[in-house]
Amino acid sequence: MASTDTFLTQKKMSDEAKERLEKDPSSFIMLTGDRPTGRLHLGHYFGTLVNRVKLQDAGVHTNVVIADYQVITDRDSTAEIHDNVLNMVIDYLACGLDPEKTMIFTHSSIPPLNQLMLPFLSLVSESELLRNPTVKAEKEASGHALTGLLLTYPVHQACDILFCKGNIVPVGKDQLPHIELTRQVARRFNERFAPVFPEPVGLLTEAVEIPGLDGRKMSKSYGNAISLSATAEETAKLIKKSQTDSERKITFDPEGRPGVSALLTTAALTTGRAEKDIADEIGDAGCGALKAYVTESVNGYLAPIRERRRELERDLSYIEDVLAEGNRRALEVAQATLDEVREAMGMVY
């Protein structure tokens, strides 16, 4: 009952924030981000990137963290991280993020942001961290001891949001516990020391879960994702190999026909049509015709993004400059916030 009440309260706050956002977008500061563990794909695009660009273009102060430190919460190597970070910036810009409007930065380049971890950790208990769904799930799934970094992952997220005084964070329902912990950290700091931080609101997104080519959630780790950086030929091969079934007539049935339905959803997202309408149009032409339709739809939709990507790839010095400028701006913001925190705590000497 308590968890239902908490969700309803957060849903109400989200709805109110959306109403205010329509009237005064410039009063909002948004923080969101990604771990650079590989290439961004269609799931990222429709799940988050489209919404980030929309908020940016509406006039929201948008900030995007490339969470490179968080890669080592569950991985032993950073061998590909430099390449992944640069390609992530390329994907962001190709999809419409504007570095003049959106601050793009990396965790590891902003020491004052990470220094907020120390006072923030004093404001949460071990049991609160262990109750966090992300930490809890990893503990149950991994079969080995939690690293200190993974245990404190929710607090690091609070640092990300609060260092720039973020007051909205676009999230899915499953991420609301992270926002609630950030709100607690902000509230406890303000009560214990001085009013420094806003209590951010989780802006509930209405994006559907993007299915991968096998019907499961699209994920790099499942190998079922269409990367934004893939060529048209690579995309065609991936779709051709996707799992379907032997039934000739095409129908939209996510439970009974996950592979076929995943392809229909992919086509729907990239054409703006309904899955059932596409299924009815293909009818008895079978899975070969469906895959051909999906291939044409995806490649047509991604063509301008991929063209922009190719242009950006030819000028890596520009990509490095974008990241350097984002890091410079984030460093200024983080240092100012850390100075406020130290002042509030009486630690300016």
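Calculation criteria
Residues numbered from 1 in each chain as written. Predicted model: local features only at pLDDT ≥ 70, side-chain atom pairs only at ≥ 80, totals over all residues. Heavy atoms only, no water. Axes fitted to C-alpha atoms, helices over the stretch in contact; angles between N-to-C directions. Helix = DSSP H or I, 4+ residues; strand = E, 2+ residues; numbered from the N terminus. Parallel < 35°, antiparallel > 145°, perpendicular 65-115°, else oblique. Left-handed = near helix turned anticlockwise from the far one by under 90°. Contact = heavy atoms within 4.5 Å. Buried < 20%, exposed > 50% of the residue type's maximum accessible area, 1.4 Å probe, protein only. Phe/Tyr/Trp six-rings, centres within 6.5 Å; stacked < 30°, edge-to-face > 60°. Lys NZ or Arg CZ within 6 Å of the ring centre and 35° of its normal. Core = buried A, V, L, I, M, F, W, Y, C linked by side-chain atoms within 4.5 Å. Salt bridge = Lys/Arg side-chain N within 4 Å of Asp/Glu carboxyl O. Polar contact = N/O pair within 3.5 Å; in protein donor to acceptor, adjacent residues only side chain to side chain. Disulfide = S-S within 2.5 Å. Arc of directions from axis to C-beta. Pairing = 2+ DSSP bridges. Right-handed = clockwise from strand over helix to strand, strands pointing away.

K.L.:
Please explain the packing of helix α13 (residues 275-282) against helix α14 (residues 286-313) as it appears in this structure.
P.N.:
When two helices pack together, their arrangement is given by the angle between their axes and by how far apart the axes lie. As a packed pair, α13 and α14 sit with axes 10 Å apart at the nearest point and diverge in direction by 130°. When the axes of α13 and α14 are compared, the pair comes out oblique. Here the hand of the crossing between α13 and α14 comes out right-handed. In contact with Ile278, Glu281 and Ile282 of α13, α14 contributes Gly286, Ala289, Leu290 and Tyr293.

K.L.:
Looking at this structure, how should I read unusual backbone geometry?
P.N.:
Among all residues save glycine, negative phi is the norm, and among peptide bonds the norm is trans. Positive phi values are uncommon outside glycine, yet Lys165 reaches one of about 60°. Its location among the elements puts Lys165 in the loop between α9 (153-163) and β4 (168-171). Looking at Lys165, the relative accessible area reads 22%, which means it is partly exposed.

K.L.:
Help me out: how do you make sense of the packing of aromatic side chains in this one?
P.N.:
Where two aromatic rings form a pair, the distance of their centres and the angle of their planes describe that pair. Applying the stated criterion across every chain yields a total of seven aromatic pairs. Where Phe120 meets Phe197, the ring centres are 5.5 Å apart and the plane angle is 75°; that geometry is what we call edge-to-face. Pair noted here: Phe120 is in helix α5 (residues 117-121) and Phe197 is in the loop between α10 (176-192) and β5 (201-204), with a separation of 77 residues, a long-range link. Phe197 shares its class with Phe120; the two are buried. Lying across the ring of Phe7, Lys173 places its NZ or CZ 4.6 Å from the centre.

K.L.:
Explanation requested: the nonpolar core in the structure shown.
P.N.:
A general feature of soluble globular proteins is that nonpolar side chains tend to end up buried together. Ranked by internal contacts, the top residues of the largest apolar core, which has 48 residues, are Leu42, Ile66, Val89, Tyr92, Leu228, Ile250 and Leu290. Taken together, the elements giving at least two residues each to this core come down to α2 (42-58), β2 (61-66), α3 (81-95), α12 (258-271), α13, α14 and α15 (316-344). Top contributing element to this core by residue count: α3, with ten residues. Here Ile250 is in contact with Arg257, Val260, Leu264, Ala279, Ile282, Gly283, Gly286, Cys287 and Leu290, once residues within four sequence places are set aside.

K.L.:
Explanation requested: the pattern of salt bridges in the structure shown.
P.N.:
Here the structure, examined in full by the defined rule, presents 21 salt bridges. Of the charged contacts, one joins Asp91 and Arg309 as a salt bridge, the two residues approaching to 2.5 Å between their closest N and O atoms. Taken together, the residues span a long stretch of sequence, with Asp91 in helix α3 and Arg309 in helix α14 at a distance of 218 residues. The pair Asp91 / Arg309 is uniform in exposure class, with both members buried. Each of Glu180, Arg183, Arg187 and Glu199 takes part in one network of salt bridges that share partners.

K.L.:
I'm lost on the side chain of Thr270 in this one. Help?
P.N.:
As for its placement among the helices and strands, Thr270 is situated in helix α12. Only 3.3 Å separates the side chain of Thr270 from the backbone oxygen of Ala267, close enough to count as a polar contact.

K.L.:
How should I be thinking about the packing of α12 against α13 in this particular structure?
P.N.:
The contact between α12 and α13 brings their axes to 9 Å, and the two run at 110°. As far as their axial angle goes, α13 and α12 are roughly perpendicular. Crossing hand, α12 versus α13: right-handed. Judged by residue contacts, Leu264, Thr265, Ala267, Ala268 and Thr271 of α12 engage Glu275, Ile278 and Ala279 from α13.

K.L.:
Mind showing me how you'd approach α9 here?
P.N.:
Along an α-helix, residues three or four positions apart point the same way, because every turn accommodates 3.6 residues. In terms of residue burial, α9 counts as a mostly covered element, since ten of its eleven residues are buried. Buried residues of α9: Tyr153, Pro154, Val155, His156, Ala158, Cys159, Asp160, Ile161, Leu162 and Phe163, and no others. Immediately beyond the C-terminal end of α9, within one or two residues, lies Lys165, with a positive phi of roughly 60°.

K.L.:
In this structure, what is going on with the state of the cysteines? I would like to understand it.
P.N.:
As used here, a disulfide is simply a covalent bond connecting the sulfur atoms of two cysteines. Under the counting rule described, the total for this entry stands at zero disulfides. Here Cys164 is not cross-linked by a disulfide; its sulfur's nearest cysteine counterpart is in Cys159, at 11 Å. The exposure class of Cys164 is buried, given its relative accessible area of 7%.

K.L.:
So what exactly am I meant to see when it comes to α13 here?
P.N.:
All buried positions along α13 are accounted for by Ile278, Ala279 and Ile282. When α13 is viewed along its axis, its buried side chains cluster within an angular range of 100° and face the same direction. Those residues of α13 hidden inside the fold are in contact with α12 and α14. Just downstream of α13, Gly283 is the residue with a positive phi angle, here 50°.

K.L.:
Help me understand the pairing of strand β3 (residues 102-106), please; the structure alone is not making it clear to me.
P.N.:
Regular strands place side chains that alternate from one sheet face to the opposite one. Along β3, five of the five residues are buried, which leaves the element largely enclosed by surrounding structure. Neither face of β3 is open: one carries Thr102, Ile104 and Thr106, the other Met103 and Phe105, and all of them are buried. In terms of strand pairing, β2 meets β3 through five bridges, oriented parallel. Paired with Ile66 across the bridge in β3 is Thr106. Regarding topology, α3 serves as the crossover connection from β2 to the parallel β3, and that connection is right-handed.

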